[in-house]
Amino acid sequence: MRHLLSIGDLSREEILELLDTAESMHEVQHREVKKLPTLRGRTIINFFFEDSTRTRSSFELAGKWLSADTINLSGKGSSVSKGESLRDTVMTIDAMGVDLMVVRHMASGAPAQIASWTGCSIVNAGDGTHEHPSQALLDAYTMRRRLGGDLAGRHVAIVGDLTHSRVLRSNLLCLRTLGASVTLVAPPTLMPSGIGPWADTDGFGTSYELDDVLPTVDAVMMLRVQRERMSGGFFPTPREYAVRYGLTPARLARMPEHAVICHPGPMNRGLEISADAADAAQSLVLDQVSAGVAVRMSILYHLLAGEGSTS
Amino acid sequence: MTTPPLLITGADLAGAGRGDLLVADGRIVAAGPDAAAEAPGGTARTDADGLVALPGLVDLHTHLREPGREDAETVETGSRAAAAGGYTAVLAMANTTPVTDTAEAAERVLDLGRRAGYVDVHPVGAVTKGLAGAELAELGLMAASRARVRVFSDDGRCVHDARVMRRALEYVRAFDGVISQHAQDPALADGSACCHEGEHSGRLGLPGWPGVAEETVVARDVMLARHTGSRVHIAHVSTAGSVEVLRWAKAQGIAVTAEVTPHHLMLTTDLLAGYDPVYKVNPPLRPAEDVEALRAALADGTIDAVATDHAPHPRQDKEHAFADAAFGMLGLETALSVVATTMVTEGRVGWREVAQVMSHAPARIAGLAGQGQPLEPGSPATITLVDPGRRVSVDAALSQSLSRNNPWHGRELTGAVHLTMLRGQVTAREGLVWGGVA
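Residues numbered from 1 in each chain as written. Chains lettered and ligands numbered in written order. Predicted model: local features only at pLDDT ≥ 70, side-chain atom pairs only at ≥ 80, totals over all residues.

Quick notes on the nonpolar core
Here is the rule: A set of buried residues qualifies as a nonpolar core if it consists of Ala, Val, Leu, Ile, Met, Phe, Trp, Tyr and Cys joined through C-beta atoms within 7 Å. Burial is judged by counting other C-beta atoms within 10 Å of a residue's own C-beta: 20 or more means buried, 12 or fewer means exposed, and anything between counts as partly exposed, with every C-beta placed from the backbone. The numbering of helices and of strands both runs from the N terminus, where a helix is a DSSP run of H or I of at least 4 residues and a strand a run of E of at least 2. Once C-beta atoms are placed from the backbone, any two residues with those atoms within 7 Å are in contact.
Core analysis: the largest hydrophobic core is formed by 244 residues, its most contacted members being Val159(A), Val220(A), Leu300(A), Leu21(B) and Ala53(B). Among the elements that make up this core, the one with the highest residue count is helix H13 (residues 285–304) of chain A (ten residues). Apart from residues no more than four positions distant in its own chain, Val159(A) is found in contact with Val185(A), Ala186(A), Leu210(A), Val220(A), Met221(A), Met222(A), Leu223(A) and Tyr245(A).

What to know about the sheet that holds strand E9 (residues 260–262) of chain A
Whether parallel or antiparallel, the strands of a sheet pair through hydrogen bonds between backbone atoms. Residue and element names in this part refer to chain A. The criterion, for reference: Note on pairing: two strands pair once DSSP finds at least 2 bridges between them. Fitted lines through C-alpha atoms give the axes, limited to the stretch in contact for helices. The angle between two N-to-C directions lies from 0 to 180 degrees.
Overall, parallel pairing links the five strands, which are arranged E7-E6-E5-E8-E9 in an open sheet. If you trace the sheet from one side to the other, it starts and ends with strand E7 (205–207) and E9, each paired once. Here the strands of the sheet are splayed against their neighbours by 20° on average, with no regard to which way each runs. Of the strand pairs in this sheet, strand E5 (residues 155–159) and strand E6 (residues 181–185) are connected by five bridges, and their pairing is parallel. The residue of E6 that forms the bridge with Ile158 is Leu184.

Topic: helix H2 (residues 53–65) of chain A
Residues and elements named next belong to chain A. Formally: Here a helix's expected span is defined as the number of its residues, less one, multiplied by 1.5 Å.
Taking 1.5 Å per residue as the helical rise, H2 with its 13 residues ought to reach 18 Å, and the 18 Å between its terminal C-alpha atoms agrees with that figure. All of the buried residues in H2 are Thr55, Ser58, Phe59, Ala62, Gly63 and Trp65. Downstream of H2 by one or two residues, Ser67 has phi in the positive range, about 70°.

Points about the pairing of strand E14 (residues 256–260) of chain B
Residue and element names in this part refer to chain B. For clarity, the cut-off: Orienting the strands away from the viewer, one traces the path from the first strand over the helix to the second; a clockwise path indicates a right-handed crossover.
By the criterion of burial, E14 is predominantly enclosed, with five of the five residues buried. Here E14 shows no split at all, with Val256, Ala258 and Val260 on one side and Thr257 and Glu259 on the other all buried. Bridging between strand E13 (residues 232–234) and E14 involves three bridges; their strand directions are parallel. Bridge pairing in E14 places Ile234 opposite Ala258. Considered for its hand, the β-α-β crossover made up of E13, helix H7 (residues 240–251) and E14 is right-handed. Note that E14 and strand E15 (residues 305–306) share two bridges and pair parallel. Bridging from a neighbouring strand, Val260 pairs with Val306 of E15. This β-α-β element, E14 to helix H8 (residues 288–300) to E15, shows right-handed connectivity.

Observations concerning the sheet that holds E14(B)
Residues and elements named next belong to chain B. Across the sheet, five strands lie side by side as E9-E10-E13-E14-E15; this open sheet has parallel pairing. If you trace the sheet from one side to the other, it starts and ends with strand E9 (151–152) and E15, each paired once. As judged from the two bridges shared by E9 and strand E10 (residues 178–181), these two strands associate in the parallel manner. Its bridge partner lying in E10, Val151 is registered against Val178. Seen against the sheet, H7 touches E13 and E14 and runs at an angle of roughly 150° to E14.

Considerations on the interface of chain B and chain A
Counting from both sides, the interface comprises 19 residues of chain B and, opposite them, 24 residues of chain A. Ranked by residues supplied to the side of chain B that touches chain A, first place goes to helix H5 (residues 199–204) of chain B with five residues.

Description of the domain arrangement of chain A
All names here are of chain A. Our working rule: As used throughout, domain bounds are those supplied by an automatic or database domain assignment. Amino acid classes used here: Ala, Val, Leu, Ile, Met, Phe, Trp, Tyr, Cys and Pro are nonpolar; Asp, Glu, Lys and Arg are charged; the rest, including Gly, are polar.
Segmenting chain A into domains produces domain 1 (7–131 + 292–304) and domain 2 (133–288). Here the C-alpha centroids of domain 1 and domain 2 sit 25 Å apart. Counting from both sides, the interface comprises 22 residues of domain 1 and, opposite them, 20 residues of domain 2. By residue number, the principal contributor to the side of domain 1 that touches domain 2 is helix H1 (residues 12–29), which donates six residues. The class makeup of the residues in the side of domain 1 that touches domain 2 is ten nonpolar, seven polar and five charged.

Digging into the pairing of strand E5 (residues 52–55) of chain B
All names here are of chain B. Here E5 shows no split at all, with Val52 and Leu54 on one side and Ala53 and Pro55 on the other all buried. Alignment of strand E1 (residues 6–13) against E5, held across two bridges, turns out to be parallel. Residue pairing for E5: Asp12 is matched across the bridge by Val52. For E5 and strand E16 (residues 383–393), the ladder comprises four bridges, and the chain directions are antiparallel. From the neighbouring strand, Ala53 faces E16, where its bridge partner is Leu385.

What follows is the structure in structure tokens.
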């Protein structure tokens, strides 16, 4: 594994190996001294062209606990407005001698383009509305811990603004590769383009009715609905969205008792998720955050400490 | 300037059978099997056995970037690329800096073209001032200028306001002008839209550019053309739905013409999977079903012309994230090869039809009297010789253009331009450009 650009590049075995390594990393997190010497002397740049406190601090801690030298860079706005090409921007950093770049960018595909230009390993920390692989891995990690087994045969509903969600695309690939069945739930305006043929090819379900799906789920993943989508006319009002697609207390009661609730955050309480659901015993929201560091340690470990990458 | 007469021997004359062409004083003086008999002493000879002679190619849609972006292309370098690609006339789009929206700006482009001398450069005038879509540019003054502008377009932007489009169509009727419409409803596909809306845009997370954003404008504009009795031309048609509308409109006798680009005849939306901005173009590459419909429409005459939408960009404008990179790809030097590969070698059309869609029809649409003439005595000796069987491996580095955003790099195509002649003067041979004519 040289880069982590898309979950689609990973086999089932590779995903499970990443999750297994994350288990042992997770134990480190509960020690008083959290540092492992594994990546001593290696340099990691967290290059965030788009703000993300949560993901950036998670990657930063992961690097530090593995003893790597980590630097955070933020590239506010697109490089177009600065008159410098993206290629020039990243090549300048790469030329300093970097082992790995964690890239967050507002444009889909930017990490893949950067990987084609530079010599270092690239981790996609979220690109536009394309993918967010480390989020999908930590979601799988958290669900696996709570539900047991390796998620094969489990039923996961993913609900919300699917069109604009990179979390959706990575989770879909991850869960299908692990053998889970997936149902996407959203109003038609928030379903991704070409969802019909896509669902047929990749073997997942779609529904416009959350109530029909909930009784058979093992996990429900509520995605953030941005209030600014309102201006695009994707749905009439936040009130209507909350009534039709929000995880209300009544819907919580429709779920099987063992079923869990995930949300990648930040949550819009009262819109896509009620406070009751967010704070319920089945909610994994804080477990997800905690798992995030362990999973990212695992990713960095596999990319930098794996065989053949010791040069 | 006097050059000795030239006899081009043994070419297939635009699909009408083998014959010779006798050229003197910039004109064709004899054509056909008996032309050699009329050659006076001292006539030079060019063996064209196995080649196809076409009337010089005419491009309805070229971006030459000058004035404003001389780092991408100049009138001279774009003219050289055109000559290398078999073209003898190009229509230079108005979206330069400043915009070609006055008679003076149009005359300046005309003069730059004459100074370069490789092809006839005809400026396209903007429909609206500054391409802003609000107020009509000085269409009549551009028409009356030395540049004799007849084609008007806000290309790159759609004339989306129906009232403005209606007035423009009505107004240009006074001087037999035509509005070339970039059909893109901005409410359905805004400036960020960069990938055909469908399964690929969904998977890649790229902003979708649905075919319907083009089709609704085509439908509206053919109805406006019917209402006004004016001519409308649809630039770079890219979807099967637009073809359906055009087919219906033509059956009604509406004065609509349309063009298709070489890239929409061959390249498909799945090429965007690697996010390589060389494939970013507007309108976007479409699925194979659209490509098939466009080929069929070109073969049956629903689409009148092939136009390149040659859009040079320097590297730094393409080496951005896909969403931020510039739209457009090169096309002048490869257009004939792409049409030969997709249309002729597949048996969809013969060379007579290639002459139609790449020379006669575009010259007629643009009102160019000296271009697109039949290969007959009396016509200007404006001729493109094509080697129909030659395999070409496209190399982006071997280009007359200043830019290298060439989506055909590394592809194998069949059929290539051998020689280009403008009014008796050779302007290019085997991709190499001769000295300017002027």
